[in-house]
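Summary of structural features
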Amino acid sequence: MCDVPREADVSAEAVEQPLPDVRVLVLSDLPLVADAVRTALRSQGLDAVGATIAPGPVSQGQAARMLQLGPTVLLVLADLAREPRLAAARTLIEDLHLPTVVLAATEEEALWGAVLESGASTVLSASVTLDEVVLVLRAVERGALLLAPDQRRSMIDTWHQAVRTRDEIGGRIGSLSPRELEVLRLLYRGETVPGIAEQLGVAVATVRSQVRSVLRKLGVNSQLGAVALYAQRGSTGGSTGGSTGGSTGTRPDGDPT
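Read on for a plain summary of the structure. Each residue is numbered by its place in its chain's sequence as written, counting from 1. In keeping with the predicted nature of the model, local features appear solely for residues at pLDDT of at least 70, side-chain atom pairs appear and are counted solely at 80 or more, and the whole-chain, interface and lining totals rest on all residues. Hydrogens and waters are ignored; side-chain quantities use all the structure's heavy atoms.

1. Topic: the overall build of the chain
Secondary structure assignment for the chain yields 11 helices and six strands. Type-normalised accessible area, obtained with a 1.4 Å probe on protein chains alone, sets the label of each residue: buried when under 20%, exposed when over 50%, and partly exposed for intermediate values. The proportion of buried residues among the 257 residues of the chain is 44%. Contacts between residues were defined by any pair of non-hydrogen atoms, one from each residue, lying within 4.5 Å. A separation of at least 24 residues holds for 72% of the contacts in the chain among residues at least 6 apart in sequence. Accessible surface is estimated by sampling points in the Shrake-Rupley manner with a 1.4 Å probe; for residues, cover comes only from the protein chains shown. For the chain, the accessible surface area stands at approximately 12,400 Å², while carbon and sulfur atoms represent 54% of it. Note on conventions: DSSP H or I runs of at least 4 residues are helices, E runs of at least 2 residues are strands, and numbering of each starts at the N terminus.

This is the structure in C-alpha cells:
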C-alpha cells in the first residue's frame, strides 16, 4: 500500500500565498529521502508535497488522496531493483496520470523501460544534480518530450525481453522437484555437494544424482551455470536474496564434486 504522509504539506502559509506554477508530488520508499528532496525542491522555488511508497497494492482511494494534494508533476524515487517497489511505483505512475520523472539508483535499462512503459515521462540517474532535476521537472510539466521515441521504445523493448527471459528461467526452475530445488538453493548459498549431503542426511552419491538432474532440467552444463541461472530469476526487479558466496563445488568439467 502507499501511505499519504502524516502532514499533507498544505500549510496555512501555503494556502495564503499563490501556488507556484509547478507543484511536485515526491514519492519515495524512504520517508527521510522524500523529506530531504521535498525540502531541496522548495529551496529552488518549487512547491512540493510528499508521500511514501510501500510494497503492496495501491488502492484507488490512496491514489485519489494524493491527487487531492494538487500536484502538477510527479517525482518518483524508488529502489526499482526490488520487485515490490518497482510494482508500487508502476501502479502509481499508471493511476495518477501525471507527467512523471523517475530518479533511479539503478542504471539497468530494463528497469528504466518498465517505468517508461507505465507512463513515466523520463528517467534520470541518481547522479544528476538538483538543478538538473528542477529543469527536467519544469520541462516535463510543460509537456516537453525529453526522450526520443526510438530511445524510449528501445528501453521498453529491453524490459519486455527481460520479462520473457525471467519467465523462461522461472519455467525451468519450476520443473525441479522440491528436493532438487532445495539442492539448487544450497548450491546458490555456496554449499558443496558433501556439505549438502551432510545437511540433508543423505549419501553424497544421492546429492550428485540430484545435481545432475538439476543441470539437465535447467539446460546447463555446470553447477556454476545452474547457480548463475538461479541468480537471474529476479533480474527484472526481484531480489535474489544475496550473493552466491563461497565455493560452488564445481570442477572444470562441471561434474558435481
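2. Description of the environment of Trp112
Relative to the assigned elements, Trp112 resides in helix H5 (residues 109-117). Trp112 gets classed as buried once you look at its relative accessible area, which sits at 12%. The sequence separation of Trp112 and Ser125 amounts to 13 residues, and the corresponding C-alpha distance is 9.8 Å. Leaving out residues up to four positions away in the same chain, Trp112 has contacts with Ala104, Thr106, Glu107, Val123, Leu124, Ser125 and Met155. Polar contact is the term for a pair of N or O atoms within 3.5 Å; when the atoms are in protein, one must be able to donate a hydrogen and the other to accept it, and sequence-neighboring residues count only if both atoms are side-chain atoms. Here the side chain of Trp112 touches Thr106 through a polar contact of 2.8 Å, landing on its backbone oxygen.

3. A word on the side chain of Glu180
Position of Glu180 relative to the elements: it lies in helix H8 (residues 178-188). A distance of 2.5 Å separates a polar atom in the side chain of Glu180 from a polar atom in the side chain of Ser213.

4. Thoughts on unusual backbone geometry
In this structure, His97 is a non-glycine residue whose phi angle is positive, near 55°. Summarising the element assignment, His97 is placed in the loop between helix H4 (83-96) and strand E5 (100-104).

5. A look at the nonpolar core
Side chains of nonpolar character tend, in soluble globular proteins, to be buried together. Here, the term nonpolar core denotes a set of buried Ala, Val, Leu, Ile, Met, Phe, Trp, Tyr and Cys residues that are joined through side-chain atoms within 4.5 Å. Counting residues in hydrophobic clusters, the biggest one holds 34 residues, and the most contacted among them are Leu25, Leu27 and Val76. Mapped onto this core, the elements with two or more residues apiece are strand E2 (23-28), strand E3 (47-53), helix H3 (60-67), strand E4 (73-78), H4, E5, H5 and helix H7 (149-174). Looking at this core element by element, the count peaks at six residues for H4. Excluding residues that lie within four positions of it along the chain, Leu25 makes contacts with Val49, Gly50, Ala51, Met66, Leu69, Pro71, Val73, Leu74, Leu75 and Leu96. Membership of the second largest hydrophobic core comes to 23 residues, among which are Leu186, Val193, Val227 and Tyr230.

6. A few points about the packing of H5 against H7
Put simply, H5 and H7 touch, their axes get as near as 7 Å, and they point 110° apart. Here H7 runs roughly perpendicular to H5, going by the angle between their axes. For the pair formed by H5 and H7, the contact residues are Glu109, Ala110, Leu111, Trp112, Gly113, Ala114, Leu116 and Glu117 on the first element and Arg152, Ser154, Met155, Ile156, Thr158, Trp159, His160 and Ala162 on the second. Considering only residue class, the contact of H5 with H7 consists of nine nonpolar, four polar and three charged. Only the stretch in contact is used when a helix axis is fitted, and all axes are lines through C-alpha atoms; the angle between N-to-C directions ranges over 0 to 180 degrees. Roughly parallel means an angle under 35 degrees; roughly antiparallel means over 145; roughly perpendicular covers 65 to 115; every other angle is labelled oblique. Each residue is assigned to one class: nonpolar for Ala, Val, Leu, Ile, Met, Phe, Trp, Tyr, Cys and Pro, charged for Asp, Glu, Lys and Arg, and polar for all the others, Gly among them.

7. Focus on the side chain of Thr100
Within the fold, Thr100 resides in strand E5. Take Thr100: its relative accessible area is 0%, and that puts it in the buried class. Within the structure, Thr100 has its side chain in polar contact with the backbone oxygen of Leu98 (distance 2.8 Å).

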